[in-house]
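Residue-level structure breakdown
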Amino acid sequence: MKRWIAALAAVALVAVGQHATAQEQTQQAFPDVKTRAKGIIPPGGVLSSKTGGNTIDAELREETPRADGRYHYDSRKLVARLQAMHANTYLFGIWESPTDWDDLRSEFAPLARAAGIDVWVDLVPPTECQTNRPEGAYLEGYCSRPFKLDFIAWARNIATLSLQYPNIKAWQVDDFLAGDNAKLFTPDYLAQVKATQDAINPKLGLLTTMYRWDYSDANLDRLAPYIDGAIFPYLGGSQSASDPRYVAAQLDELRAKLNPRHLDLILLLYTDRFLDGALPPTPEAVNAELQQAMPYAADGRIGGIIAYGAPVNYDRRPTIASNNLAQTGDGRLSFAQGNYTTAAAGGYAEAYQQVSVDPNAGSWKLDFATYDQVSRTPSKTGKLFKQVLIDDKVVWQSDIADEFGFTWAPASVDLTAALKGKTTAKLALRLYTQAAANFPIDVGFDSLVPTGFTVQNFGFEDVNPATRAWQLNQQSQSIVGSFEKVTPHQAKDVYDVIAAAYAGAPAPAVPTTPSDPIPSTLPRTGSPYQPGGANTIQNSAMYGKGRLSLFVPERTATGTSTCIWAEQRMAVDPNAPRYEISWWDYDGYANDLYGYHLKQVSIVTSKGRKLLSNVDAASPPKLWMNGQGGWGPIDITEFARGESSVVMQFALCEQQGVGDYMIDVGYDDITAVGLTVTNGDFEQGSTGWTIVSPHPGMQAKVITAP
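The structure reproduced in this document is the subject of the present report.

Some thoughts on the state of the cysteines
Taken as a whole and assessed by the stated rule, the structure comprises 2 disulfides. Through a disulfide, C129 is tied to C143; the S-S separation comes to 1.8 Å. One disulfide, between C129 and C143, carries an S-S torsion of -80° and so falls in the left-handed class. Placement of the pair is C129 in the loop between strand 3 (118-123) and helix 5 (151-164) and C143 in the loop between strand 3 and helix 5, with a sequence separation of 14 residues. By relative accessible area, which is 1% here, C143 ends up buried. Two residues, C563 and C653, share a disulfide whose sulfurs are 2.1 Å apart. The chirality of the disulfide connecting C563 with C653 is right-handed, given an S-S dihedral of about 115°. Of the two residues, C563 is situated in strand 21 (residues 563-571) and C653 in strand 27 (residues 645-654); the sequence distance between them amounts to 90 residues. With a relative accessible area of 19%, C563 lands in the buried category.

The following block contains the structure:
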């Protein structure tokens, strides 16, 4: 196997070398930064990827646990995928499993060295380390183990390992400055860390991740003596993984701050979902960002590029089904804003095209549908409006806090006054900010049916900029307009975009897909949200077509401490080395009305019931998340050991009663180590599950997409 990897490496190194030679002919003088002096930046810059918290296809682990009951890195497959992606470096994450450090030392580092791939060790700070939990060891989730938050020990051990494997060129600790992390990373402590590693290998690099707001003179002056550079996560105008407008400008801005302090800049691009972003990036957005960034890496203005969440495991599972929010087909127009940002009053984003008008038509109108994930919340009323414009004049609008949240709401507007007597007109679809809006939002338009005029790409199936007919006008820093087309092979499409950019090759062609005729059977009246009901998205499961739905309808009263749930008795393997339960859950809310709906997971044994996870549904993000509040699977060894079977319960419970606060909690992809799970993906309906729904207003059921 090592000979096979070495052979692949030889081919890859020839290609990389040819690409680097072409780049070096036009290369500018490198900035005077410490990474260059240490020799940790390869020709053409670092071209890397890394996994991250709750990314979907970036974590490449073996599909079955080993004898220790752990899912280990699949190092051979990972190295092969990195080679095919033309990556020359990998940020090896030590976070999700206690075996990660050993996987690096005994498997990945030597295989990567044989393949000509450098390694940067990727560790997490206190805010991302779940350890020493007072509730018990079962909630000890992700953390960089075995040394946890002892970064002096990490410096000693990584430096020592780098002498054994010289392809280990650097290490980075995420988010020095986030939350309370700075209380640990004081100048005195960082001086000890640096002295420890330099005594063993002074050529080893040390970096940290810093967001755009972290680059103050005070922060940089404090950190500059101890680090060699900063990794910069690009988030567009504000909290977006799909906004390529500002890549070059922000790189120039930060280089001007770092380079005088001899610090290098490494760009991190989100190529999978960013948990505070409204949407995962499309292949087109990833390509647009890479096209701006690659010249900076090639000529040395920055140290390189990290593709965060690069989907190296693209063939494990299809795209998350519920990412496709289109009403028909796979495409829609989206206007979105992420968490923790505010849309300024007066701003807007719109898509527009020039339409042909039949002056002899007897009538002119537009039927269409809009979608938003906003319930009737008073605090959101009067701030954001969906609009249709003809020749820059508003002819229709609706508050996003109107009826029919979380559904495709049909709409129709009579355009006779706006189009009569014309042969052409400008049609625009817009999200307008009337008052400052500080909440996440994703508004969709789809299924346009014009009468008396012609609209091209009326179903938004064509996302090719050259042929899609629609243009974007972005007049908001935080609300981003995009053409969202989600397909089952989207992860592979993103991977191919990264591979082409890293190879210096043209980007893969964007398919030009015409919109099919809009079905005449679409509902023309709105209806309240009902899981799997009329006007909802086509498939709300995570994978496949089935999921568990725990639902409180609009205008429905509930009582304090009432619960609905699904449970299953699972056989326990007495010979298993350990026991673990894993699940993914979802709800549509983020930062909304805390203290009402709780997502709870419990285990029932011969000794009684134990609440394992208790997460407020209002906690962000509003994405499918793995395990207890984003910290992954739960080790249930202390509860399952010695039992012949246990009951697992997945519930929605009311912390306090509500009168009108709709919620739909989904559970899917339930798996275990040491337990036998039946129909954990809900593809066989409710087979294997007992559905418990004692409250008349709350509904527990398995829903299956058509």
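Observations concerning the side chain of T319
Relative to the assigned elements, T319 resides in the loop between strand 8 (304-308) and strand 9 (331-337). According to the relative accessible area criterion, T319 is buried, its value standing at 15%. A polar side-chain atom of T319 sits 2.7 Å from the main-chain carbonyl oxygen of T487. Those residues in contact with T319, other than ones at most four positions away along the chain, are V486, T487, P488, H489, Q490, A491, M542 and Y543.

Here we look at the environment of N181
With respect to the element layout, N181 can be found in the loop between strand 4 (168-173) and helix 6 (187-200). The exposure class of N181 is buried, given its relative accessible area of 0%. Between the C-alpha atoms of N181 and E128, which are 53 residues apart in sequence, the distance is 9.7 Å. Leave out the neighbours within four places in its chain, and N181 touches P125, P126, T127, D175 and F176.

Remarks on the pattern of salt bridges
On inspection of all chains with the given rule, the structure shows 35 salt bridges. A salt bridge links E107 to R66; the nearest nitrogen and oxygen atoms lie 2.8 Å apart. Remark: R66 occurs in the loop between strand 1 (46-50) and helix 3 (75-84) and E107 occurs in helix 4 (residues 100-114); sequence separation between them is 41 residues. Classification of R66 by relative accessible area gives partly exposed; the value is 29%. Between R105 and D102 there is a salt bridge, with its nearest N and O atoms 2.4 Å apart. Remark: D102 and R105 occur in helix 4; sequence separation between them is 3 residues, near one turn of the helix. According to the relative accessible area criterion, D102 is partly exposed, its value standing at 38%. Within this structure, E350, D392, K426 and R430 form a network of salt bridges that share partners.

Some details on the packing of helix 9 (residues 283-298) against helix 11 (residues 490-503)
One can describe the packing of helix 9 onto helix 11 by two numbers: an axis separation of 9 Å at closest approach and a directional angle of 15°. In this view, helix 9 runs roughly parallel relative to helix 11, as classed from their interaxial angle. Classified by chirality, the crossing of helix 11 by helix 9 is right-handed. Facing P283, V286, N287, L290 and M294 of helix 9, the residues of helix 11 in contact are Q490, D493, V494, V497, I498, A501 and Y502.

Brief notes about the environment of R66
Through-space distance from the C-alpha of R66 to that of W408 is 46 Å; in sequence the pair is 342 residues apart. Residues within four places of R66 in sequence aside, it is in contact with H72, Y73 and E107. A distance of 2.7 Å separates polar atoms of two side chains, one belonging to R66 and the other to E62.

With respect to the sheet that holds strand 6 (residues 229-233)
If you walk around this closed barrel you meet the 8 strands as 1-2-3-4-5-6-7-8, and the pairing is parallel. Going from strand to strand, the sheet's axes swing by 25° on average, the running direction of each strand aside. Relative to strand 5 (residues 205-209), strand 4 runs parallel, the two sharing 4 bridges. Residue pairing across strands places A170 opposite G205, the latter belonging to strand 5. Contacts from helix 8 (residues 247-258) reach strand 6 and strand 7 (264-270) within the one sheet, and its direction differs from that of strand 7 by about 150°.

Parameters and conventions
- Residues numbered from 1 in each chain as written.
- Predicted model: local features only at pLDDT ≥ 70, side-chain atom pairs only at ≥ 80, totals over all residues.
- Heavy atoms only, no water.
- Disulfide = S-S within 2.5 Å.
- Helix = DSSP H or I, 4+ residues; strand = E, 2+ residues; numbered from the N terminus.
- Buried < 20%, exposed > 50% of the residue type's maximum accessible area, 1.4 Å probe, protein only.
- Polar contact = N/O pair within 3.5 Å; in protein donor to acceptor, adjacent residues only side chain to side chain.
- Contact = heavy atoms within 4.5 Å.
- Salt bridge = Lys/Arg side-chain N within 4 Å of Asp/Glu carboxyl O.
- Axes fitted to C-alpha atoms, helices over the stretch in contact; angles between N-to-C directions.
- Parallel < 35°, antiparallel > 145°, perpendicular 65-115°, else oblique.
- Left-handed = near helix turned anticlockwise from the far one by under 90°.
- Pairing = 2+ DSSP bridges.

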